[in-house]
Every structure is written in C-alpha cells, then in structure tokens.
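Spelled out from the first residue to the last, the chains are:
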Amino acid sequence: MKTLSISIDLDPVYCYYQIHGIESVLKYDVDPVYSKAIFRIYKFFEELNIKPTLFVVGNQFENDNVVENFKNAVANQYELANHTYNHLYNFSLIDEQSIQSEITGCNDIILSKLGYKMCGFRAPGYNVNRRVFEYLIAHGFRYDSSILPSPFYYFAKCFIIFVYKVFCRESRSICGSIKMPFAMRTPYFTDEKTIYSPSDSKIMEIPISTAGMFGFPYVGTFIMGYREWMYKYLLKRCGYFSFLNIELHGIDFLDSKDIGDDKRLIKSQFDLNVPIEKKLGRLRNIIEKFNPDKILRLSDISI
C-alpha cells in the first residue's frame, strides 16, 4: 500500500535573510508566509483532498491576524506541529533551558490562541541532539520529523555556508551532525541515545524522504524550484516508494511578486524566481505520479 504524508514548515521570510547572511529590511504587517502563502496552501490541498501537517513558528501567533488565519486550519482538521517559538538556526547549540523554552513556548501559544495541543516536532535546520529528544520524550511528544537523510543536501549546505563565510556573509545556518545524512530513511522508533537509528520505543522518528545513493530530498526547493533535471529525477523515482514523506516550506507557495522589491533575497533564494503556477504544477505532478492509496497526517502514521 502506497502512503503519502505532506508537511509544511512555515518559516517566516526573515529566516531566509538569516540563511543568506542578508540584513533584513522587512516591513510586513503580517509575514507573507502567514498571510499569502497560507491561503494558497489551503486552496491547493483542499482541491486534492489532502490535509498536510503544518509546522508553525510560535512567535507569529503574537499577531491576532495570524491567529484568525489559522482558525480555518484547525476547523478543517489540518495538523499543527511544533517548529519552535523563534526558529533559531543555532537551536541545537543553545543551552538546555533555552531549548525547553523554545519548544514549550510554541506549544503554549498555540494551545492558548487556538485551543490546539500539538504532539509533533521539527527542529529549525533539521538539527537535533540528545537534549532535544530528552525533552520531547519527557513531555509526551508522539513523533519527531527532523531527520533529513540526504548526503547531497548536507554537504551542499556545508559548502554554501563556507562560501558565504569566505565572502563575509555570515549565514546563521549550521551544518549539524555528520550522522544525519546517513540516518535510516524509513520511520522508526528511537530514543535520546541513538536518534539516527532504531532503539527503544520512546518516540517515533519520521524522516523526510530522499531518493538514490546521494539522497536527493523530497523537499519543496528541489521539487518546485530547483533545476529541471532534479524535479524530473524526483518525479521518476517517487514511483519506487511505498511511503513518501514530502516536506515543503511556506516560501514554496510564494514567488518574487510576493516579496516586494528586495532583489537581494530574490537573487539568493533562487526558487522565488519560479512562477507560483509552475511550482504548484510540479508539486501536483509528483503527487499524482505517486498516486497514493492512503494519505496520512504525520500524527496518524503508525509502524
């Protein structure tokens, strides 16, 4: 039986300034991911009768307009999951108390504003460690979906961070553990001691799907906004999966017209140059080619 899960990390646009080492000039009343992209997400997935899991950043819900925009998601049985309060790219490096504050802060504001209790987690930049898992397990989280077992993505990210450093652009992104690109690729139970491989049945890890020896990832940038050959490769390979876990980002549902006139970000975040209609068409083609028998939110997955 072929099973599909789709999750969307709703990283605010300021996160991409931080990744690319660009000084932010944001002037949005509501971040475009939480005002424009979210409604495109609703429309696109309602047409396909898919309920994706939305990984939310807690600080965005300090804005009452954002809270209103997400009442529809809760009413329509979208799953909300924890993506920390401030989306710090050095999340796995901060002290234990700050890690706890980032996770708890996100859970608390969603419970307070929307009456929704979250049970899933994904770390900023996919980077986790023992302290993160200890906290997730101790506080009853059902699953984590932070692991991206992609050598291609991991080493490409490290290279880009190095290049930015050479040219005096300080990216806030970090490489993370060298174990992650070689982690298990199918869902498994694990604990705080192993994380990247099966162990005690304390928490379920749901890795993001990757294809081939190099682990080309089923993430939005590669499906919707990267080179044509990458999209075609992922389209061809998806037929070999029995379980496909696609990870998207809110910015995948935006293009250059939604960002304004800041050409620095548009040049660095190259997928913004791809028209939104083309990006959505590519994503639809992947889903239709995979042709799932069952579509599950991440919290509904069992192994």
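Summary of the structure given here. (Residues numbered from 1 in each chain as written. Predicted model: local features only at pLDDT ≥ 70, side-chain atom pairs only at ≥ 80, totals over all residues. Heavy atoms only, no water.)

Moving on to the overall build of the protein. Check the secondary structure of the protein and you find eleven helices and eleven strands. For 303 residues, the compact-globule formula gives about 19 Å, and the C-alpha radius of gyration of the protein, at 18 Å, lands near that figure. Of all 303 residues assigned to the protein, the portion counted as buried reaches 56%. Sequence-distant contacts in the protein: of pairs separated by 6 or more residues, those separated by 24 or more amount to 74%. Looking at charge distribution, the protein has the averaged site of its 36 positive side-chain charges lying 7 Å from that of its 34 negative ones. (Helix = DSSP H or I, 4+ residues; strand = E, 2+ residues; numbered from the N terminus. Rg over C-alpha atoms; globule rule 2.2 N^0.38 Å. Buried < 20%, exposed > 50% of the residue type's maximum accessible area, 1.4 Å probe, protein only. Contact = heavy atoms within 4.5 Å. Lys, Arg positive; Asp, Glu negative; His and termini not counted. Charge placed at Lys NZ, Arg CZ, Asp CG, Glu CD.)

Glancing now at the nonpolar core. In this structure, Phe45, Leu54, Val56 and Phe70 are the most contacted members of the largest nonpolar core, which totals 89 residues. Sort the elements by how many residues they give to this core and helix α2 (residues 32-47) lands first, with eight residues. Counting residues in each nonpolar core, the second largest holds eight residues, with Tyr143, Ile206, Leu298 and Ile301 among its members. (Core = buried A, V, L, I, M, F, W, Y, C linked by side-chain atoms within 4.5 Å.)

Compared with an ideal rise of 1.5 Å per residue, which puts 19 residues at 27 Å, helix α4 (residues 96-114) spans 27 Å between its outermost C-alpha atoms and is within 8% of the ideal. Of all the positions in α4, only Ile99, Glu102, Ile103, Gly105, Cys106, Asn107, Ile109, Ile110 and Leu114 are classed as buried. In this fold, the buried residues of α4 make contact with β2 (53-56), α3 (64-75), β3 (79-82), β4 (120-121) and α5 (130-138). Among the residues of α4, the N-terminal cap falls to Asp95, whose side-chain oxygen and the backbone nitrogen of Gln97 are separated by 3.1 Å. Positive backbone phi, at 65°, marks Gly115, one or two positions downstream of α4. (Expected span 1.5 Å × (residues − 1). Polar contact = N/O pair within 3.5 Å; in protein donor to acceptor, adjacent residues only side chain to side chain.)

On to the packing of aromatic side chains. For the structure shown, the criterion picks out 17 aromatic pairs. Seen in terms of ring centroids, Phe39 and Tyr42 are 5.8 Å apart; in terms of plane orientation they differ by 85°. Their pairing is edge-to-face. Residue Phe39 and its partner Tyr42 are both found in helix α2; the two are separated by three residues, about one turn of the helix. Residue Phe39 is classed as partly exposed on the basis of its relative accessible area of 42%. By relative accessible area, Tyr42 is classed as buried at 5%. Residues Phe152 and Phe216 carry aromatic rings whose centres are separated by 4.9 Å and whose planes lie at 65° to one another, so their mutual orientation is edge-to-face. Taken together, the residues span a long stretch of sequence, with Phe152 in helix α6 (residues 151-166) and Phe216 in strand β9 (residues 216-217) at a distance of 64 residues. (Phe/Tyr/Trp six-rings, centres within 6.5 Å; stacked < 30°, edge-to-face > 60°.)

Between its terminal C-alpha atoms α6 stretches 23 Å, which fits the 22 Å expected from 16 residues at 1.5 Å a residue. Taken together, the buried positions of α6 are occupied by Pro151, Tyr154, Lys157, Cys158, Ile161 and Tyr164. Considering only its buried residues, α6 is in contact with α1 (14-19) and α10 (263-268). At the C-terminal side of α6, Cys168 shows a positive phi close to 60°.

Mapping Tyr28 onto the fold places it in the loop between α1 and α2. Owing to a relative accessible area of 29%, Tyr28 belongs among the partly exposed residues under this scheme. In this structure, the C-alpha to C-alpha distance between Tyr28 and Leu235, residues 207 residues apart in sequence, is 35 Å. Residues within four places of Tyr28 in sequence aside, it is in contact with Val13 and Ile259. For Tyr28, the side chain forms a polar contact with the main-chain oxygen of Ile259, separated by 2.8 Å.

This part is about the state of the cysteines. This structure, assessed with the given rule, holds one disulfide. Across the disulfide from Cys158 sits Cys175; the S-S distance is 2.4 Å. Of the two residues, Cys158 is situated in helix α6 and Cys175 in the loop between α6 and β6 (188-190); the sequence distance between them amounts to 17 residues. Judged by relative accessible area, which is 22%, Cys175 ranks as partly exposed. Of the cysteine sulfurs around Cys119, a residue in no disulfide, the closest is that of Cys106, at 13 Å. The exposure class of Cys119 is partly exposed, given its relative accessible area of 23%. (Disulfide = S-S within 2.5 Å.)

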